[in-house]
Amino acid sequence: MMIAVDGPAASGKGTLAAGLAGHYGLPCLDTGLLYRAVGRAVDALEDQPGFEAAAIAAARALDASHLADVAELGSARSGVLASKVAVIAEVRQALFDYQRQFATQPGGAVLDGRDIGTRICPDADVKLFIQADSKARMERRARQLESRGLVVDRYALYHQIEERDARDMANPNGGFYKADDAHLLDTTLLGIEAALRAAIAIVDEVMARKEGSKP
Ligand code: CDP
Ligand code: CDP
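The rules behind each value
- Residues numbered from 1 in each chain as written.
- Chains lettered and ligands numbered in written order.
- Predicted model: local features only at pLDDT ≥ 70, side-chain atom pairs only at ≥ 80, totals over all residues.
- UniProt positions renumbered as here; feature names shortened; annotations may be inferred.
- Near = placed C-beta within 6 Å.
- Helix = DSSP H or I, 4+ residues; strand = E, 2+ residues; numbered from the N terminus.
- Contact = placed C-beta atoms within 7 Å.
- Buried ≥ 20, exposed ≤ 12 C-beta atoms within 10 Å, placed from the backbone.
- Nonpolar A, V, L, I, M, F, W, Y, C, P; charged D, E, K, R; others polar.

Naming follows an unreviewed UniProt entry, where the protein appears as Cytidylate kinase of Devosia limi DSM 17137. What UniProt states about the protein under its Sequence similarities (unreviewed entry) heading is, verbatim, "Belongs to the cytidylate kinase family. Type 1 subfamily."

Asker: Tell me what's going on with the site of ligand 2, and back it up with residues and numbers.
Answerer: In the neighbourhood of ligand 2, 17 residues make up the surrounding shell, with G32, Y35, S83, A86 and G113 lying closest. Mapped onto the shell around ligand 2, the elements with two or more residues apiece are α2 (32–41), α4 (76–85) and α8 (154–170).

Asker: Can you explain the UniProt feature "binding site: ATP" (unreviewed entry) in the protein? Please cite residues and give values.
Answerer: UniProt marks G7, P8, A9, A10, S11, G12, K13, G14 and T15 with the feature "binding site: ATP" (unreviewed entry), using the numbering shown here. As for its position among the elements, P8 is in the loop between β1 (2–6) and α1 (13–24). Excluding residues within four positions of it along the chain, P8 makes contact with R137 and D165. Following the sequence through the fold, A9 ends up in the loop between β1 and α1. Judged by the 23 C-beta atoms lying within 10 Å of it, A9 falls in the buried class. With residues up to four places along the chain from it excluded, the contact list for A9 reads G79, R137, R141, I161, R164 and D165.

Asker: Talk me through the site of ligand 1; I want residue IDs and the actual numbers.
Answerer: Around ligand 1 sit 16 residues, and of these G12, G14, T15, R140 and Q144 come closest. Counting residues per element, the ones that place at least two in the shell around ligand 1 are α1, α7 (134–146) and α9 (192–213). Class assignment for the residues of the shell around ligand 1 results in five nonpolar, eight polar and three charged.

Okay, here's the thing in structure tokens:
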């Protein structure tokens with residue numbers, strides 16, 4: 001079973017993807033980490049002429065099995081850098097094969113990101129598009145960062161998330177839009193458990209329908 005989970009920053013897609021993976025016993029890939037790792041590799045070159053070429057080289061050289069070794073992947077700064085390298089077509093192309101191989105492994109998989117249902121797994125069994133209003137997302141991300149001991153400027157974080165979402169949605173190479181066959185799940189008023197229950201209900205229903213339509 002291949003499950004695609006997409007959505008904007010801090011919508012809860014990673015938490016949900018991990019929960020679904022645990023529930024169905026599937027491996028899970030947070031594809032944002034790939035872009036974050038590439039972004040970190042070119043941090044020093046931000047907004048300079050060599051940025052694009054360095055990002056392409058970093059994406060091609062990325063060892064995706066060692067992401068856990070890259071420092072500060074979860075920081076807001078890494079998110080901004082990630083969204084800057086994510087607009088480069090060659091970067092997305094370089095990261096494609098790893099994601100596609102992960103998605104198509106024999107036992108199935110759950111992937112979360114921006115373009116999973118549109119580009120990486122257009123053939124996913126179930127596609128979820130996670131939404132939550134901007135203030136709720138900012139507050140979630142703020143608490144997540146604070147729980148790691150960081151001091152958060154909520155005003156700055158709100159604008160940073162809005163700016164990143166805008167860049168992602170305008171990214172001509174990004175594929176960040178709700179696929180026609182994706183199920184919209186708004187988690188603004190849902191806690192983690194309630195969101196997971198709602199997602200499991202969608203997956204079970206889609207899979208039951210698929211089973212029922214088999215000859
Ligand atoms: O992966 P994404 O950036 O979309 O979000 P996340 O990392 O899964 O969630 C961001 C934060 O919001 C985490 O600390 C989650 O525990 C929290 N969260 C929440 O409070 N309520 C939800 N329904 C989902 C996530
Ligand atoms: O967790 P959050 O939603 O804040 O960010 P993320 O999923 O780690 O993604 C960081 C950035 O990487 C996004 O803002 C996108 O610019 C980019 N990204 C992408 O373009 N395609 C993906 N499949 C995943 C991430």
